[in-house]
Amino acid sequence: MSQQDVLEGYFGEFGGSFIPPMLQEAMDYLTAQFYKYKDDPEFKEELNYYLREYVGRENPLTFAAQLTKKWGGAKIYLKREDLNHTGAHKINNVVGQILLAKRMGAKRVIAETGAGQHGVATATACAMFDMECVIYMGAEDTRRQALNVFRMELLGAKVVPVTKGQARLKDAVDEALNDLVENYKTTFYLLGSAVGPHPFPTMVKHFQSVVSEESKRQILEKEGRLPDAVLACVGGGSNAIGAFAHYIDEASVRLIGVEPDQAPTLTQGVPGVIHGFRCLVLLDADGNPKPTYSIAAGLDYPGIGPEHSHLKVSGRAEYVTVTNEEVLEAFQELSRTEGIIPALESSHPVAYAKKLAPTMSKDQILIINLSGRGDKDVEQVFQMLNK
Ligand SMILES: *Cc1c(COP(=O)(O)O)cnc(C)c1O
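Residues numbered from 1 in each chain as written. Predicted model: local features only at pLDDT ≥ 70, side-chain atom pairs only at ≥ 80, totals over all residues. Heavy atoms only, no water.

Asker: Just checking my understanding: could you explain the sheet that holds strand β7 (residues 158-162) for this structure?
Answerer: The strand order across the open sheet built from four strands is β7-β6-β5-β8, with neighbouring strands paired in parallel fashion. Each edge of the open sheet carries a strand with a single partner, namely β7 and β8 (187-189). Sheet twist, expressed as the mean angle between neighbouring strand axes with direction ignored, is 25°. Direction of pairing for strand β6 (residues 132-138) relative to β7: parallel, over a ladder of five bridges. Note that in β7 the partner of Ile135 across the bridge is Val159. (Pairing = 2+ DSSP bridges. Helix = DSSP H or I, 4+ residues; strand = E, 2+ residues; numbered from the N terminus. Axes fitted to C-alpha atoms, helices over the stretch in contact; angles between N-to-C directions.)

What follows is the structure in structure tokens.
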């Protein structure tokens, strides 16, 4: 990738910024500030401090001995993002962006949320950094996720139900963007995944790359060599790009993104523009973004980060799908076998590894990125299994 591509946020033909001029002004300002601070020694030191003392990094790369024995092939290692404070990888990015917001002099943080996971992570860090926090959420979603609304309020955030349009995530994003256009000198828009206009995909990758920075060091310590494959689930793509980042230039390492078969953006998507950037996108017959469905709320998005779109088209990474049944089975199998209840999202790569591992030899190595813990999903799984 050329220097110019990096500056403008292009990954091959994907990425960029397709937004109104008012919003572009806000993005240009953010881009300049991100590049000003990202490699600043004091900024890095402060970020490392909070990742260690608040998030609980580094987290382990656990050898799954029972699963390895049961599946009878490659050695399985689990990168334990489930052990982070708030129970998932999202907090890595939230802490990074809030520290940047503070450097930029913002007093107020806004974010959108669908199921509530990104809203809760944002509200958590805003509480600790003493920032005003406003979360936009579709009114429909606030009813379905009443407990997460209460959680965010408990953490001191203001949750604004959005009644426009279909009162869902997309409408919440629109409201948050309207807020940003008016207030960008004092307000920071904290985006939760590796999507959106430049600089967000680049910035979110930067803050999530700590996952593979650690796992690479850990696997070299434990095994003295690189893994044969790294597996992660893909919603917007932030945990996967973080898990892949430090292996992208290691040609011997297979990178495998796993999607729900009912939201197969990378497997079936076509190039298009969605939410201000170019990526592979699932379109309906009229050329509009197609509604998706996944039992894992965090994977329910018709678009995908631009870098994954590029990794797919260039052939560097593989993207595969698993069914809901396979995901439910993997959720239970990891719980029973290793004593780890994974998030439904994170059960996707587990489900695929179950098929892949037995085809590999016993001296090969798989790393599964366990993006989050499953406590949030236990009630839903209970209902699905007892129908
Ligand atoms: C939000 C979420 C995801 C999906 O988001 P990405 O940006 O694709 O990583 C995956 N796993 C968990 C546990 C999540 O909370």
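Okay, back to it.
Asker: Where do I start with the site of the ligand in this structure?
Answerer: Contacts to the ligand come from 17 residues, most closely from Lys90, Gln117, Ser193, Gly235 and Ser238. Contacts to the ligand include Gly235, whose backbone N or O atom sits 2.8 Å from an oxygen atom. For the ligand, an oxygen atom lies 3.1 Å from a polar atom in the backbone of Gly236. Residues belonging to the shell around the ligand are distributed by class as follows: four nonpolar, eleven polar and two charged. (Near = heavy atom within 4 Å. Polar contact = N/O pair within 3.5 Å; in protein donor to acceptor, adjacent residues only side chain to side chain. Nonpolar A, V, L, I, M, F, W, Y, C, P; charged D, E, K, R; others polar.)

Asker: Whenever I open this one, the nonpolar core confuses me. Can you help?
Answerer: What tends to happen in soluble globular proteins is that the nonpolar side chains get buried as a cluster. One finds Leu100, Phe188 and Phe244 to be the most contacted residues of the largest nonpolar core, which totals 87 residues. If one sorts the elements of this core by residue count, helix α5 (residues 90-103) sits on top with seven residues. The residues touching Phe188, leaving out its near neighbours within four places in the chain, are Leu30, Gln97, Leu100, Ala101, Met104, Ala106, Arg108, Val109, Ile110 and Met203. Counting 34 residues, the second-largest nonpolar core is a separate cluster that includes Ala74, Val320, Leu334 and Ile340. (Core = buried A, V, L, I, M, F, W, Y, C linked by side-chain atoms within 4.5 Å. Buried < 20%, exposed > 50% of the residue type's maximum accessible area, 1.4 Å probe, protein only. Contact = heavy atoms within 4.5 Å.)

Asker: Quick question: what am I supposed to make of the pattern of salt bridges here?
Answerer: Close approach of charged atoms lets side chains of opposite charge pair. The tally for this structure, following the rule as stated, stands at 29 salt bridges. Lys164 is the salt-bridge partner of Glu175, the closest N and O atoms lying 2.8 Å from each other. In this pair, Glu175 is assigned in helix α9 (residues 169-183) and Lys164 in the loop between β7 and α9, connecting sequence segments eleven residues apart. Put simply, Arg225 and Asp228 hold a salt bridge, and the shortest N to O gap is 2.9 Å. (Salt bridge = Lys/Arg side-chain N within 4 Å of Asp/Glu carboxyl O.)

Asker: I would appreciate a short explanation of the UniProt feature "modified residue: N6-(pyridoxal phosphate)lysine" (unreviewed entry) in the chain in the present structure.
Answerer: Within this numbering scheme, the UniProt entry marks Lys90 as carrying the feature "modified residue: N6-(pyridoxal phosphate)lysine" (unreviewed entry). Position of Lys90 relative to the elements: it lies in helix α5. Non-local contacts of Lys90, meaning those with residues more than four positions away in its chain, are made with Gln117, His118, Ala121 and Gln208. (UniProt positions renumbered as here; feature names shortened; annotations may be inferred.)

Asker: Explanation requested: the pairing of strand β14 (residues 365-370) in the structure shown.
Answerer: The side chains of a regular strand alternate between the sheet's two faces. Most of β14 sits inside the fold, with six of its six residues counted as buried. Burial of the side chains of β14 extends over both faces: Ile365, Ile367 and Asn369 are buried on one face and Leu366, Ile368 and Leu370 on the other. Pairing geometry for strand β4 (residues 75-80) and β14, over six bridges, is parallel. By the bridge assignment, Arg80 is partnered in β14 with Leu370.

Asker: For this particular structure, what's the right way to read the pairing of strand β9 (residues 229-233)?
Answerer: Counting buried positions along β9 gives five out of five residues, so the element sits mostly inside the fold. Going residue by residue along β9, you find Ala229, Leu231 and Cys233 tucked away on one face and Val230 and Ala232 tucked away on the opposite face as well. Two elements, β9 and strand β10 (residues 254-260), share five bridges in a ladder whose sense is parallel. From the neighbouring strand, Ala232 faces β10, where its bridge partner is Gly257. In this region the chain leaves β9, passes through helix α12 (residues 238-244) and returns to the parallel neighbour β10; the handedness of that crossover is right-handed. Taken together, the three bridges between β9 and β14 define a ladder with parallel strand orientation. Directly across from Ala229, in β14, lies its bridge partner Leu366. (Right-handed = clockwise from strand over helix to strand, strands pointing away.)

Asker: How do you make sense of the sheet that holds strand β13 (residues 317-322) when you look at a structure like this?
Answerer: Where strands meet in a sheet, backbone hydrogen bonds hold them as pairs that are either parallel or antiparallel. A sheet is described by the order of its strands in space; here six strands give the open sequence β3-β4-β14-β9-β10-β13, paired in mixed fashion. Each edge of the sheet is formed by a strand with only one pairing partner; in this case those strands are β3 (61-63) and β13. In this sheet, neighbouring strand axes are inclined to one another by 25° on average, regardless of whether the strands run parallel or antiparallel. Where β3 and β4 come together, three bridges link them in antiparallel fashion. Within β4, the residue paired with Thr62 across the bridge is Leu78.

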